[in-house]
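Fold and contact review
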Amino acid sequence: MTQPIVVATDGSPAAAAAVTWAADDAVRKGLPLRIVHVLDRLPYDLPRYEIPDFEDRLSQAGRRILDEAAQAAREGRPGLEVTTELLFGDPAHVLRDQAGGSAELVMGSRGLGGFRGMLLGSVSANVAGHAEAPVVVVRATPATPHNEIVVGFDGSEESKPALVYAFEAARLRGCPLRVIYAYQIPVYTYAPVVVDDVEELRRVQEDFIRTELESWHDKHPEVETRLEVVCSHPVTALVEASEDADLLVVGSHGRRALTAVLLGSVSRGVLHHARCPVAVVRSKREAS
Ligand SMILES: Nc1ncnc2c1ncn2[C@@H]1O[C@H](COP(=O)(O)OP(=O)(O)OP(=O)(O)O)[C@@H](O)[C@H]1O
Ligand SMILES: [Mg+2]
């Protein structure tokens, strides 16, 4: 059975941007698009807080959000198959379940809640940290096309599914892939200079990552790939690169994987600060 691309909308500007992004990606990938809205009864779900026709009114509002999103998705994309579904429950839990049966789950970086200036909503953060499928988080600000995809790769098993996703995205768009490996020289309070030969360290890092990448070049000869090894914090390097990218792809964990945390610090930092849509791709091992 073909798994659809699922996009979640709460009717917010970022969610509208997510719908457009998801519709374009569905066309690129030849997949159906499923738009979902989750109705959360919780704030009103108190025995002494009865509102007449509450269910009807809430469902009508949800239906309107879905209809508008479906119309936007169909506009200018005649062959695209679009379905909508109104779901009930805690949005983060419901969306995590939805991700299970999807090719990818697309959502806005923000929604209608939260405080002004907040960069990432709690639903997006929660879903990106748990979902089995790739989660793409889209910002409300309109993106300028750059014809480049960036992927963060640290050579770990955990970051390989991100490479698979990024190569496929670059192939479908026919654009180059910029692979970024950022490393840092550890700083110790009482022994500040542990590494004498910084250039040698750089060479060793670059050799390691270049060897790891070689088999990927062989598998995807049609994708033009550029490797960049930088001595910088990975979040800084990736956020800077996101300014010139159409999509930034990261794994949910890297070489310093702490299985106890749901999102590694790099994925978390990037989700907050990136300037373009971010795809967080989880490895099967982590998802199990
Ligand atoms: N009820 C919902 N139904 C469908 N999608 C939702 C729902 N709530 C959030 N989303 C999705 O999650 C994205 C981010 O919204 P989120 O709720 O995380 O941020 P927020 O509303 O700004 O902050 P918060 O809810 O944490 O106070 C939205 O753009 C949308 O894609
Ligand atoms: Mg919200």
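Structural notes, computed from the coordinates. All values derive from a computational prediction rather than experimental measurement. (Residues numbered from 1 in each chain as written. Chains lettered and ligands numbered in written order. Predicted model: local features only at pLDDT ≥ 70, side-chain atom pairs only at ≥ 80, totals over all residues. Heavy atoms only, no water.)

1. A look at the sheet that holds strand E4 (residues 104-108)
As summarised here, the arrangement of the 10 strands in space is E3-E2-E1-E4-E5-E10-E9-E6-E7-E8, forming an open sheet in which the pairing is mixed. Across the chains shown, the open sheet's two edge strands, defined by having one partner strand only, are strand E3 (82-88) and strand E8 (225-231). Across the sheet, the mean angle from the axis of one strand to that of its neighbour is 25°, orientation sign disregarded. Both strand E9 (residues 247-251) and strand E10 (residues 278-281) contribute to a ladder of 4 bridges, which runs parallel. Directly across from Gly251, in E10, lies its bridge partner Val281. Packed onto the sheet, helix H5 (residues 160-173) meets E4, strand E5 (135-138), strand E6 (149-152), strand E7 (177-183), E8, E9 and E10 and runs at close to 160° relative to E9. Its contacts with the sheet place helix H7 (residues 234-242) against E6, E7, E8 and E9, and it is angled at close to 155° to E7. (Pairing = 2+ DSSP bridges. Helix = DSSP H or I, 4+ residues; strand = E, 2+ residues; numbered from the N terminus. Axes fitted to C-alpha atoms, helices over the stretch in contact; angles between N-to-C directions. Contact = heavy atoms within 4.5 Å.)

2. Re the site of ligand 1
Neighbouring residues of ligand 1: 22 residues in total, closest Ala8, Arg110, Gly113, Gly114 and Ser122. Between a nitrogen atom of ligand 1 and a main-chain N or O atom of Val38, the distance comes to 2.8 Å. In this structure, Gly108 approaches ligand 1 through a main-chain N or O atom, which is 2.9 Å from an oxygen atom. Taking 610 Å² as the accessible area of ligand 1 by itself, protein coverage stands at 89%. Among the residues forming the shell around ligand 1, the class breakdown is 10 nonpolar, 10 polar and 2 charged. (Near = heavy atom within 4 Å. Polar contact = N/O pair within 3.5 Å; in protein donor to acceptor, adjacent residues only side chain to side chain. Areas by Shrake-Rupley, 256 points an atom, 1.4 Å probe, with all protein chains shown as cover. Nonpolar A, V, L, I, M, F, W, Y, C, P; charged D, E, K, R; others polar.)

3. Examining unusual backbone geometry
Note on backbone geometry: most residues besides glycine have negative phi, and most peptide bonds are trans. In this structure, Asn147 takes a positive phi of about 60° despite not being glycine. In this structure, Asn147 sits in the loop between E5 and E6.

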